[in-house]
Structures are given as structure tokens and as C-alpha cells.
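Chains, contacts and geometry: an overview
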Amino acid sequence: QVQLVESGGGLVQAGGSLRLSCAASGRTFSRSAMGWFRQAPGKEREFVAAISWNGGSTPYSDSVKGRFTISRDNAKNTVYLQMNSLKLEDTAVYYCALGTRIYVSIMEGLYDYWGQGTQVTVSS
């Protein structure tokens with residue numbers, strides 16, 4: 001069984017930065033794709049960024065490209081999301097997800113395990 005625990009969320013002013021972390025338990029992390037998704041109030045959950053098991057592929061949504069960076073440390077079983085130049089519209093609950101059957105994907109249905117989420121609030 002895999003457990004994912006996100007951390008690093010909080011309140012930040014527009015233009016600021018935050019780094020989210022997602023720590024995974026279990027032995028599958030280093031061979032699994034990881035993704036970050038977010039859900040804003042009243043909206044459906046949407047893809048943010050993903051990374052393949054070896055870091056060789058890192059797709060981003062158009063809304064965060066150039067501002068967010070996903071990375072991973074397989075020795076620490078942790079994936080990160082560095083978020084810079086934050087905007088009001090980045091306010092959401094951010095979830096990390098782990099996929100054992102994929103190289104990398106932007107589709108949430110292909111991920112097998114999910115964290116509980118961490119709140120990111122961007123204020124003006």
C-alpha cells in the first residue's frame with residue numbers, strides 16, 4: 001500500500017513563491033510516475049504537472065508553464081512542486097498522485113494513489 005503526504009501549502013501574496021512536497025511510503029516510488037493536480041472552489045480537479053520515474057518527461061499545464069517546476073528525489077521518495085510568480089487563480093487544494101502503470105500522464109484517471117491535499121491560498 002502506498003501513502004502520499006503533501007506539505008508546504010499556505011497563504012502567500014500574489015507574486016510570491018511556495019514549494020510543495022509530497023512524501024511517499026512504499027517501494028514503488030522510484031519506478032512510478034508522479035503528478036500534481038489542483039482543485040479550486042467550485043471547479044473540477046485539473047492537471048498541473050507530472051514527472052516520469054526518471055525525470056525524463058515533465059509535462060505542464062499551459063496555465064503554470066514557466067512559473068512552476070516539478071522535480072523528484074527518488075532517494076527520498078519525494079516529489080516537489082516549486083511555484084513561483086503565484087497568481088490569485090492558483091488558489092486551490094493541491095494533490096499529488098502516483099501512477100504505477102504509466103511512464104507519465106496528464107490524465108488523473110491513470111494515477112493509482114492520491115494524497116489528502118494541501119491548501120494553497122494566494123492573496124492580493
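What comes next concerns the included structure.

Rules and cut-offs
- Residues numbered from 1 in each chain as written.
- Predicted model: local features only at pLDDT ≥ 70, side-chain atom pairs only at ≥ 80, totals over all residues.
- Heavy atoms only, no water.
- Core = buried A, V, L, I, M, F, W, Y, C linked by side-chain atoms within 4.5 Å.
- Buried < 20%, exposed > 50% of the residue type's maximum accessible area, 1.4 Å probe, protein only.
- Helix = DSSP H or I, 4+ residues; strand = E, 2+ residues; numbered from the N terminus.
- Contact = heavy atoms within 4.5 Å.
- Pairing = 2+ DSSP bridges.
- Axes fitted to C-alpha atoms, helices over the stretch in contact; angles between N-to-C directions.
- Salt bridge = Lys/Arg side-chain N within 4 Å of Asp/Glu carboxyl O.
- Patch = residues over 30% accessible without salt bridge, like charges linked within 9 Å, V, L, I, M, F, W, Y side chains within 5 Å.
- Areas by Shrake-Rupley, 256 points an atom, 1.4 Å probe, with all protein chains shown as cover.

**Comments concerning the nonpolar core**
Grouped together as the largest cluster of nonpolar side chains are 28 residues, with contacts concentrated most on Trp36, Leu81, Met83 and Tyr94. Elements represented by at least two residues in this core include exactly strand S3 (18-24), strand S4 (33-39), strand S5 (46-51), strand S6 (68-73), strand S7 (78-83), strand S8 (92-99) and strand S10 (118-123). Setting aside chain neighbours within four positions, we find Leu81 in contact with Leu18, Arg19, Leu20, Trp36, Val48, Ala49, Phe68, Thr69, Ile70 and Tyr94. In terms of nonpolar packing, the next biggest core, distinct from the first, is built from 7 residues, Ala33, Ala50, Ala97 and Ile102 among them.

**With respect to the sheet that holds S3**
The antiparallel open sheet is built from 4 strands, whose spatial order is S1-S3-S7-S6. The strands lining the two open edges of the sheet, one partner per strand, are strand S1 (4-7) and S6. Between one strand axis and the next, the sheet turns by 15 degrees as a mean value, whatever way the strands run. Judged from the 4 bridges that link them, S1 and S3 form a sheet pairing that is antiparallel. Bridging from a neighbouring strand, Val5 pairs with Ala23 of S3.

**What about the pattern of salt bridges?**
Any two side chains of opposite charge can pair, so long as their charged atoms come close to each other. Counted by the stated rule, this structure contains 6 salt bridges. Arg67 is the salt-bridge partner of Asp90, the closest N and O atoms lying 2.7 Å from each other. Of the two residues, Asp90 sits in the loop between S7 and S8 while Arg67 sits in the loop between S5 and S6, which places them 23 residues apart along the sequence. Residue Arg67 is classed as buried on the basis of its relative accessible area of 10%. The residue Asp112 makes a salt bridge to Arg101 at a minimum N-O spacing of 2.8 Å. Of this pair, Asp112 sits in the loop between S8 and strand S9 (113-114) while Arg101 is found in the loop between S8 and S9, placing the two residues 11 residues apart along the sequence. With relative accessibility at 57%, the residue Arg101 sits in the exposed group. The structure contains a network of salt bridges with shared partners spanning Arg38, Glu46, Arg67 and Asp90.

**As for unusual backbone geometry**
Residues other than glycine seldom take positive phi values, yet Asn77 does so here, at roughly 55 degrees. Inspection of the secondary structure assignment puts Asn77 in the loop between S6 and S7. A relative accessible area of 18% places Asn77 in the buried class. A positive phi angle, close to 50 degrees, is found at Ser85, a residue other than glycine.

**Details of the environment of Ser30**
For Ser30, the position within the fold is in the loop between S3 and S4. If we skip the residues at most four places from it in the chain, Ser30 touches Trp53, Arg72 and Asn74.

**Observations regarding a nonpolar patch on the surface**
A contiguous nonpolar patch, built from Ile106, Met107 and Leu110 and spanning about 280 Å² of accessible area, is present on the exposed surface. In this structure, Ile106 sits in the loop between S8 and S9.

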